[in-house]
Amino acid sequence: MSDAPDPVVERNSSETVASFEHHSRGLLDRVQHFLHRFPTMVPVIVLVLSLIAFGLISPNFFSAFNLSLIMQQVAVVGTLAAAQSLVILTAGIDLSVGAVMVMISVVMGRLSLDLGIPVPIAIVLGMGCGLLTGALNGMLVTRLKLPPFITTLGTWNIFLALNYYLSGRETIRSQTLDAEAPLLKFFGERFNLGGAVLTYGVVLMLIVFIVLWYALNKTAWGRRVYAVGDDPEAAALAGIQTKRVLLSVYMAAGFICALAAWSSIGRVGSVSPTSFFEANLESITAVVIGGISLFGGRGSIMGPLIGALIVGVFNSGLRLAGVDVLWQLFATGWLIIVAVAVDQWIRKISS
């Protein structure tokens, strides 16, 4: 007898191996896949729906004055959210950004007014101070391998204490700045654009996001940031210096905090050690609502800009509708919860 295999059995076996089952995706699955590819679409949709809803509720909502006021109100927190975004993209978190910002604003003011240092030099020294604070956070995370949450919680207390020490808990008033250091209030200056009144702080915020978008999407550094946030071990095996990337991210975040500090002086009109007390949480809120995953490695840098605008639109729309501030906070809280829930749902596609 021949030992050759039965050709029919062989053919049937081959057909069995080569066969695949095709399942048609439902509408919900298609939506999930689409949002996984374009996570920024979630905050974009929320922003558009919010604009439409509040535009119907309040006839003055779409006035040039109100829309420009929203932009002015989110300028500082939006800039700070850009710094927070970089850290969260690496699967970390920076609880010290608000304290760093306020401390550097105090440093700029005290160097200019108390020590008589020329204002441009004081501003440059403030930028350097931002780099140093970022380097401190980065070194603690990369060299001592401390969790970012605990590290920045500790440095938040340190920078807050230094803020009160350097300021003596005293505010530098607007009149004093106008007389001796008007350049510190530069980003609070207004200009007209098509009937809207904007500040240079808004321009600064937009420039920061555009520069970060280019750096994260068009440079090797940006690809490394995403790689480290997605899987640091795989990134290290691919030859990426993960510690160097993380250190650069924290230093860049510190520098952006320094820019936000300069912008905050113009926004408030003074140098106050107690200003923007909730900036840490507000920056995280903008990032989460903007679609950047708290698990790192996913999301567009433009998302937090949209997230900051969503919060600004909600606060403005509810205020025009006569809703109490209490319920504005209530709505913001639910926005955060829904944003995280959507992020978890989208992430299931890759698990």
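An unreviewed UniProt entry lists the protein chain under the name ABC transporter permease, with Paracoccus maritimus as the source organism. Quoted verbatim from the Subcellular location (unreviewed entry) field of the UniProt record, the comment on the protein chain reads "Cell membrane".

(A) Focus on the packing of helix H5 (residues 97-113) against helix H12 (residues 242-268). Two elements in contact, H5 and H12, have axes separated by 8 Å at closest approach and are oriented at 60°. Here H5 is positioned oblique relative to H12, judged by the angle of their axes. Between H5 and H12 lies a crossing of right-handed hand. The residues of H12 that touch H5, namely those facing Val 97, Val 100, Met 101, Ile 104, Ser 105 and Met 108, are Cys 257, Ala 258, Ala 260, Ala 261, Trp 262, Ser 264 and Ile 265. The class makeup of the residues in the contact of H5 with H12 is eleven nonpolar, two polar and no charged.

(B) Structural context of the pairing of strand S1 (residues 190-193). Summarising the sheet, S1 and strand S2 (residues 196-199) pair through four bridges and their orientation is antiparallel. Along S2, the bridge assignment pairs Leu 193 with Ala 196.

(C) The pattern of salt bridges, seen in detail. Applying the stated rule across the entire model yields two salt bridges. We note a salt bridge from Arg 110 to Asp 114, for which the minimum N-O separation is 3.1 Å. Overall, the relative accessible area of 16% leaves Arg 110 in the buried class. Overall, Asp 114 belongs to the partly exposed group, its relative accessible area being 49%. Between Lys 185 and Asp 178 there is a salt bridge, with the nearest N and O atoms lying 2.9 Å from each other. For Lys 185, a relative accessible area of 16% gives the class buried.

(D) A look at the UniProt feature "transmembrane region" (unreviewed entry) in the protein chain. When the UniProt feature table is mapped onto this chain numbering, "transmembrane region" (unreviewed entry) sits at residues 40-62, 82-107, 119-140, 146-166, 193-216, 245-265, 286-314 and 326-346. For residues 82-107, the end-to-end C-alpha separation is 22 Å, with 73% helix and 0% strand making up the annotated structure. For residues 146-166, helix accounts for 90% and strand for 0%, while the C-alpha atoms at its two ends are 28 Å apart.

(E) Fine view of a nonpolar patch on the surface. A surface patch of nonpolar side chains, amounting to about 660 Å² of accessible area, comprises Leu 326, Trp 327, Phe 330, Trp 334, Ile 337 and Val 338. With respect to the helices and strands, Phe 330 occurs in helix H15 (residues 325-347).

Rules used in this analysis
- Residues numbered from 1 in each chain as written.
- Predicted model: local features only at pLDDT ≥ 70, side-chain atom pairs only at ≥ 80, totals over all residues.
- Heavy atoms only, no water.
- UniProt positions renumbered as here; feature names shortened; annotations may be inferred.
- Axes fitted to C-alpha atoms, helices over the stretch in contact; angles between N-to-C directions.
- Helix = DSSP H or I, 4+ residues; strand = E, 2+ residues; numbered from the N terminus.
- Parallel < 35°, antiparallel > 145°, perpendicular 65-115°, else oblique.
- Left-handed = near helix turned anticlockwise from the far one by under 90°.
- Contact = heavy atoms within 4.5 Å.
- Nonpolar A, V, L, I, M, F, W, Y, C, P; charged D, E, K, R; others polar.
- Pairing = 2+ DSSP bridges.
- Salt bridge = Lys/Arg side-chain N within 4 Å of Asp/Glu carboxyl O.
- Buried < 20%, exposed > 50% of the residue type's maximum accessible area, 1.4 Å probe, protein only.
- Patch = residues over 30% accessible without salt bridge, like charges linked within 9 Å, V, L, I, M, F, W, Y side chains within 5 Å.
- Areas by Shrake-Rupley, 256 points an atom, 1.4 Å probe, with all protein chains shown as cover.

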